[in-house]
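# Examining the three-dimensional arrangement
So you can see what is in the structure, the chains are spelled out below.
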Amino acid sequence: MEEFFGFNGYKRQPEGYMSWQHLLFVSTLMAIMIAAAIVLGIRNRNKDEKTKNRVLIWSAILIDSFEIFKIIIVCVRSNSFESILYMLPLFLCSIQLITIPLAAFAKGRVKEAALDFVFIFGILGAILGTYGAGQNYNAYPVLSFDNVVSGITHAISGFTSLYIAISKMTSMKAKNIWITFIILMGFCVTAYIANILIPYNYMFLMRGDGTPYDILYNLVNGNAVLYPIFVVALFLIYITVFYLFYFLIQKSKAKKRQI
């Protein structure tokens, strides 16, 4: 247990990013995530909203509970509460620590926008935070507290995204797109300010840190102005393309029903 939690530092060497251990572990998490979303999504698809929402409530409780537990362990392990500064919910994936509870407990357009945000970014965050998490799997052993909890929270984000889609809880109303943009831009601005003040690399706005963002970082030769602008632009383009494809698919389905 002491070795798993890393209280005296991990004695095992990290197996490495894209090692078979890394791929086996995250693929197992993704398989469980997809299976659970399909089973619960299909079971609740035709049930009332209150029943559907129970799954979101449990997702919100679990993802925040795991994250709080992680913060406590890391602070105890480092013997410093300053560690909290490096665990703020300011990564693209960790935004779900706030948006999933909003999707579960909010009402009206705030709930609709939160549902859409989780739907749009949950599965992307799950993939980037497991298969793309080079910064974690190069630093810690695969079966370590840091990687296991990170894998679980990212899997919960992906599960919630898929569940929302399969159970037909999405609203994806055009009038709510601007709310989705505001949520993302608010986090990006906050993350950039935090990066300068702490300093750190929230939202990977400063550098790639061994993740796929390194591709973009290298394309602009690490330019301190262009790189964060392009990262944010990619987020906004992703939202726009996601909505566009969703509307096209819904339009195609409507035409088939008319036929």
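Just so it is clear, the structure is predicted and the values come from calculations on it, not from any experiment. By convention here, each chain's residues receive numbers from 1 onward along its written sequence. Where totals are concerned, whole chains, interfaces and linings use all residues; where local detail is concerned, this predicted model gives features only for residues with pLDDT of at least 70, and gives and counts side-chain atom pairs only at 80 or more. To obtain the side-chain values, all non-hydrogen atoms of the structure were used and water was disregarded.

### Remarks on helix 4 (residues 96-105)
Of all ten residues in helix 4, seven are buried; the element is thus mostly enclosed. Within helix 4, the full set of buried residues consists of Q96, L97, T99, I100, P101, A103 and A104. For this analysis, residues touch if any pair of their heavy atoms sits within 4.5 Å. Numbering goes from the N terminus for both helices and strands, where a helix is a DSSP run of H or I of at least four residues and a strand is a run of E of at least two. Those residues of helix 4 that are buried lie in contact with helix 3 (49-78), helix 5 (108-128), helix 7 (145-166) and helix 8 (177-197). Relative accessibility thresholds used throughout: buried, under 20% of the residue-type maximum; exposed, over 50%; partly exposed, between the two (1.4 Å probe, protein chains only).

### Digging into the packing of helix 3 against helix 7
Here helix 3 crosses helix 7 at 165°, and the two axes come no closer than 10 Å. With respect to helix 7, the axis of helix 3 lies roughly antiparallel. Judged by the sense of rotation from one axis to the other, the crossing of helix 3 with helix 7 is left-handed. When grouped by side-chain class, the residues that make up the contact of helix 3 with helix 7 number 14 nonpolar, five polar and five charged. Axis geometry follows a simple rule: fit a line to the C-alpha atoms, using only the stretch in contact for helices, then measure angles between N-to-C directions, giving values from 0 to 180 degrees. To sort the angles, those under 35 degrees are grouped as roughly parallel, those over 145 as roughly antiparallel, those from 65 to 115 as roughly perpendicular, and the leftovers as oblique. When the near helix sits turned anticlockwise from the far one by under a right angle, the crossing is termed left-handed; a clockwise turn instead gives a right-handed crossing. When residue character is reported, Ala, Val, Leu, Ile, Met, Phe, Trp, Tyr, Cys and Pro are called nonpolar, Asp, Glu, Lys and Arg charged, and the others, Gly included, polar.

### Some remarks on the environment of D116
Looking at where D116 falls in the secondary structure, it is placed in helix 5. Filtering out sequence-adjacent residues up to four positions away, D116 remains in contact with T170, S171, M172, K173, N176 and Y243. Distance and chemistry together define a polar contact, namely a pair of N or O atoms within 3.5 Å, with one atom able to donate a hydrogen and the other to accept it when in protein, and with adjacent residues in sequence counting only for side-chain atoms on both sides. Engagement of the side chain of D116 in a polar contact is seen with the backbone nitrogen of M172, the distance being 3.0 Å.

### Observations regarding the packing of aromatic side chains
Stacked, edge-to-face and tilted are the three classes for Phe, Tyr and Trp ring pairs, Trp counted by its six-membered ring, which pair at centre distances within 6.5 Å; planes under 30 degrees apart are stacked, over 60 edge-to-face, the rest tilted. According to the stated counting rule, one finds 22 aromatic pairs in the structure shown. Judged by centre distance (5.2 Å) and plane angle (85°), the ring pair of F4 and F5 falls under edge-to-face. When its relative accessible area of 25% is taken as the criterion, F4 is described as partly exposed. Considering the side-chain rings of F69 and F145, the 5.7 Å spacing of their centres and the 80° angle between planes classify their relative orientation as edge-to-face. Here F145 lies in helix 7 and F69 lies in helix 3, a separation of 76 residues in the sequence. On the accessibility criterion, F69 (37% relative accessible area) is partly exposed. Put simply, the rings of F117, F119, F121, Y238, F242, Y243, Y246 and F247 touch in pairs and so form one group of aromatic residues.

### Points about the nonpolar core
In terms of nonpolar packing, the biggest core is built from 61 residues, with L56, L92, L184, M203 and F235 touching the most fellow members. Listed by contribution, the elements that provide at least two residues to this core are helix 2 (20-44), helix 3, helix 4, helix 5, helix 7, helix 8, helix 9 (213-219) and helix 10 (226-258). The element that contributes the greatest number of residues to this core is helix 5, accounting for nine residues. The residues touching L184, leaving out its near neighbours within four places in the chain, are L92, F117, F121, M203, F235, L236 and I239. If you look at the next biggest cluster of nonpolar residues, it comprises five residues, including F5, Y10, F145 and V149. We call a set of buried residues a nonpolar core when its members are Ala, Val, Leu, Ile, Met, Phe, Trp, Tyr or Cys and they connect through side-chain atoms within 4.5 Å of each other.

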